[in-house]
Amino acid sequence: MFDGKKYKACIYARLSQEDGDKSESDSIVSQKAMIREYVADHPEIEIVSEKVDDGYSGVNFERPGFQEMMEEIRNRKVDCVIVKDLSRFGRNYIEAGNYLEKIFPLMGVRFIAINDYYDSSEKNQSDSLIVPFKNLINDAYCKDISVKIRTQLEIKRKKGQYTGSVPVYGYMKDPEDHNHLIPDPEAAEVVRSIFQMKLQGMSIGRIMTKLDAEGIPSPMEYKIANGIGVSKVLKTHPKALWSYNAIKRILQNEIYIGNLVQGKTSSPNHKIKKLLPKKKEEWIRVAGTHEPIVEEFVFWDVQVQMKKDLYTAPGKSSVYPFCGLLVCAYCGQNMIRKAVPWDGKKYIYYKCGTYNAAKGCTSHSIRLEKLESAVLEAIRARVAVVCDMTDILNSIGQIRTGKLNMGKYDRQIVKLQEEIEQYQKFKRQLYESLKEGTISKKDYEIFRKNYDDQIERTEAAIVHVTEEKEAMIKNEVKDFGWMRKFRKYRNISELDRVVVVELIDHIVIGEGNRIEIHFRNEDEFNMLLQTIELFAEGETDGEPESGSDEKQKIG
């Protein structure tokens, strides 16, 4: 009833993402319409303000629209708040109760929740129980929604589905499946160049400088330019430049080799929005979920390089080819590069870092020309062996295909075809029996259906066996990534940083120019070599010439 007091009211409407699939009755428009219709029947209330929080959870009250409303209340511009129901106001029963029972009464604010028939100006004994109870239900609803969302996200992550809202730089969401990533051609090319620059020995700082100098947009600028879910308010400069962390994240992210690593952070519960890091063993990692941008061996080579403390000489954009790879055979310390001018020329050699610092060891050293020549020849030899391995593996694949006895598939198919002919014969005999009156029409239909089912299953079996046979004929030995890495240097004529870091783990230097080269993927190489030798020995009985030749070729 109108008692002469005029209230200055604020309409407050809220819709969160978890409410997005509900009916139109929960929309912002419908909330406002309901409140205006209510106010039309209450002449003591005048609407002076409207505040909306669209896409904000009711778990906490750190919402822009709500905070603006509270500022108007503090400035005495508003003394009445009207919402559709208590759930639109908030779903945290403790904080909601604090506002309704303490803050609003203290500030002289009238609160109305239309659908819950609550009006703080109408005092009755039931309010003290009903309102907290409804707030408790709203809070429980929010908790239940949070648990369901977390569970659903975890299921998707374990299935290898991408759950991020914005795809990582270099990828875009598949238009036909938003939980699947596909390469973004333009950004993917930049990612490849970043990995290549790092392989060449460039520091992250120099990569930053080069990208900015070439005018390549940073991930932030690229996403803004393409309207990929980034707000311009996040920018702190007229143009967001490449940052150290942005490049480091790219170089360390397994997503670029087709793996998804998700669930690295989580909030403690639905009331706390701050994300906290999870233990590494709790991360969800699924390999091969999407098309890679960077070859796997390149990615892991870069990880090795990033762990090394590499020095870039003044005036150089990248490190020297052997930087961080040369080790003293006696003390295990790095060999350091020295340049000595002599007779108008500059001679480069490497010497033990311990000896150079006058802390012991011996004075052994090696000339750069001698080192380069030895390493180049060693690489050529290793590449030749890997190429031979590839040829032998292909031969093994053909031998295995033959040894699998393709005849067994043919015999199985013939047998199945004979079974079909037999069932067809039974069907003909069955029909003759029906004509002769030895079986009833009912029995005929039962037996005929049984034979038809048997024929259908047998035909399906023939298709399955045929497909299996074709798959075995086309079967090829797995092409290992590390082998491709070596084979691409089959025509190598000179050394550079990329070749050295891709193929060599480290080089041990001893007295008398003794060089011991340890190639990358040494374990895989030796295991494969052993496998090939064992296969060759196993083939000696059946095909002595082929097996003998293969073993000799590797040896």
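Residues numbered from 1 in each chain as written. Predicted model: local features only at pLDDT ≥ 70, side-chain atom pairs only at ≥ 80, totals over all residues. Heavy atoms only, no water.

This next bit is on the pattern of salt bridges. Using the criterion set out here, one finds 25 salt bridges in the structure. Of the charged contacts, one joins K441 and E445 as a salt bridge, the two residues approaching to 3.4 Å between their closest N and O atoms. Placement of the pair is K441 and E445 together in helix α14 (residues 441-474), with a separation of 4 residues, close to one helical turn. Its relative accessible area of 51% is what places K441 among the exposed residues. The class of E445 is partly exposed, set by a relative accessible area of 31%. (Salt bridge = Lys/Arg side-chain N within 4 Å of Asp/Glu carboxyl O. Helix = DSSP H or I, 4+ residues; strand = E, 2+ residues; numbered from the N terminus. Buried < 20%, exposed > 50% of the residue type's maximum accessible area, 1.4 Å probe, protein only.)

The next subject is the packing of helix α6 (residues 185-199) against helix α9 (residues 244-252). The relative placement of two packed helices comes down to the angle between their axes together with the axis-to-axis distance. Between α6 and α9, the shortest axis-to-axis distance is 10 Å and the interhelical angle comes to 90°. By the angle class used here, α6 and α9 are roughly perpendicular. Seen from α6, the contacting residues are V191, I194, F195 and K198; seen from α9, they are I247, I250 and L251. Here the residues of the contact of α6 with α9 sort into 6 nonpolar, no polar and 1 charged. (Axes fitted to C-alpha atoms, helices over the stretch in contact; angles between N-to-C directions. Parallel < 35°, antiparallel > 145°, perpendicular 65-115°, else oblique. Contact = heavy atoms within 4.5 Å. Nonpolar A, V, L, I, M, F, W, Y, C, P; charged D, E, K, R; others polar.)

Okay, the nonpolar core next. Grouped burial of nonpolar side chains is what soluble globular proteins tend to show. Of all hydrophobic cores here, the largest spans 72 residues; its most connected members are I194, F195, Y256, F322 and I379. Setting aside anything within four residues of it in sequence, one finds I379 in contact with I492, L495, V499, L503, I504 and F519. In terms of nonpolar packing, the next biggest core, distinct from the first, is built from 20 residues, F61, F66, I73 and V83 among them. (Core = buried A, V, L, I, M, F, W, Y, C linked by side-chain atoms within 4.5 Å.)

Here strand β16 (residues 504-509) runs beside strand β17 (residues 515-519); their pairing, made up of 5 bridges, is antiparallel. Opposite I504, over in β17, you have F519 as the bridge partner. Linkage of β16 to β17, two consecutive antiparallel strands, is achieved through a turn of 5 residues, within which G512 is found at a positive phi near 65°. (Pairing = 2+ DSSP bridges.)

This part is about the side chain of T390. One can find T390 in helix α12 (residues 368-403). According to the relative accessible area criterion, T390 is buried, its value standing at 16%. Polar contacts involving the side chain of T390 include one to the side chain of R487, which spans 3.2 Å. Those residues in contact with T390 that sit more than four places away from it in its chain are M483 and R487. (Polar contact = N/O pair within 3.5 Å; in protein donor to acceptor, adjacent residues only side chain to side chain.)

Okay, helix α1 (residues 28-40) next. The first and last C-alpha atoms of α1 sit 19 Å apart over 13 residues, in line with the 18 Å expected at 1.5 Å per residue. Regarding α1, the residues found buried are I28, Q31, K32, I35, Y38 and V39. Angular distribution of buried residues about the axis of α1 spans 125°; they occupy a single face of the element. Turned more than 90 degrees from where α1 packs its buried face, V29, E37 and A40 sit exposed. (Expected span 1.5 Å × (residues − 1). Arc of directions from axis to C-beta.)

Further remarks concern the environment of L434. Note on placement: L434 falls in helix α13 (residues 406-436). Along the primary structure L434 and E445 are separated by 11 residues, whereas in three dimensions their C-alpha atoms are 9.9 Å apart. Non-local contacts of L434, meaning those with residues more than four positions away in its chain, are made with I439, S440, K441 and Y444.

With respect to the helices and strands, G201 occurs in the loop between α6 and α7 (204-213). Given the relative accessible area of 8%, G201 is considered buried. For the pair G201 and V498, spaced 297 residues apart in the sequence, the C-alpha separation amounts to 7.8 Å.

Their axes nearest at 9 Å, the elements α9 and helix α10 (residues 296-306) cross at an angle of 130°. Viewed along their axes, α9 and α10 adopt a mutual orientation that is oblique. Only F299, V302, Q303 and M306 of α10 make contact with α9, whose side of the interface consists of K248, L251 and Q252. Residue composition of the contact of α9 with α10, grouped by class: 4 nonpolar, 2 polar and 1 charged.

Strand order in the open sheet formed by 3 strands is β12-β16-β17, and the pairing between neighbours is mixed. At either margin of the open sheet sits one strand with a lone partner, and together these are β12 (326-328) and β17. Strand-to-strand twist of the sheet, defined as the mean angle between neighbouring strand axes without regard to direction, takes the value 25°.

Enumeration according to the criterion identifies 24 aromatic pairs in this entry. Look at F111 and Y118: their rings are 6.1 Å apart centre to centre, the planes differ by 50°, and that puts the pair in the tilted class. Taking relative accessible area as the criterion, Y118 reaches 11% and is therefore assigned buried. Clustering of aromatic rings is evident, with ring pairs tying together Y12, F61, F66, F89, Y99, F104, F111 and Y118. Over the face of the ring belonging to F66 we find R63, whose NZ or CZ atom lies 5.4 Å from the ring centre. Across from the ring centre of Y7, 4.8 Å away, lies the NZ or CZ of R110, which sits over that ring. (Phe/Tyr/Trp six-rings, centres within 6.5 Å; stacked < 30°, edge-to-face > 60°. Lys NZ or Arg CZ within 6 Å of the ring centre and 35° of its normal.)

A separate point is α7. Buried within α7 we find I204, I207 and L211. For α7, the angular spread of the buried residues around the axis is 55°, confining them to a single face. In α7, the exposed positions angled more than 90 degrees off the buried face are occupied by T209 and A213. Looking at the buried residues of α7, the elements they touch are α6, α9 and α10. Phi turns positive, to about 75°, at G215, one or two residues after α7.

Attention now goes to the confidence of the model for the chain. Considering every residue of the chain, the mean pLDDT works out to 80; 78% of them sit at 70 or more. Mean pLDDT across the secondary structure elements of the chain bottoms out at helix α18 (residues 544-554), with 36, and peaks at strand β3 (residues 80-83), with 95. In this model, residues 232-236 is a region of pLDDT below 50 whose contacts with residues beyond four sequence positions or in other chains number 5 contacts. Here residues 540-555 scores under 50 on pLDDT; set against residues more than four positions off or in separate chains, the count is 22 contacts. (pLDDT = per-residue confidence, 0-100.)

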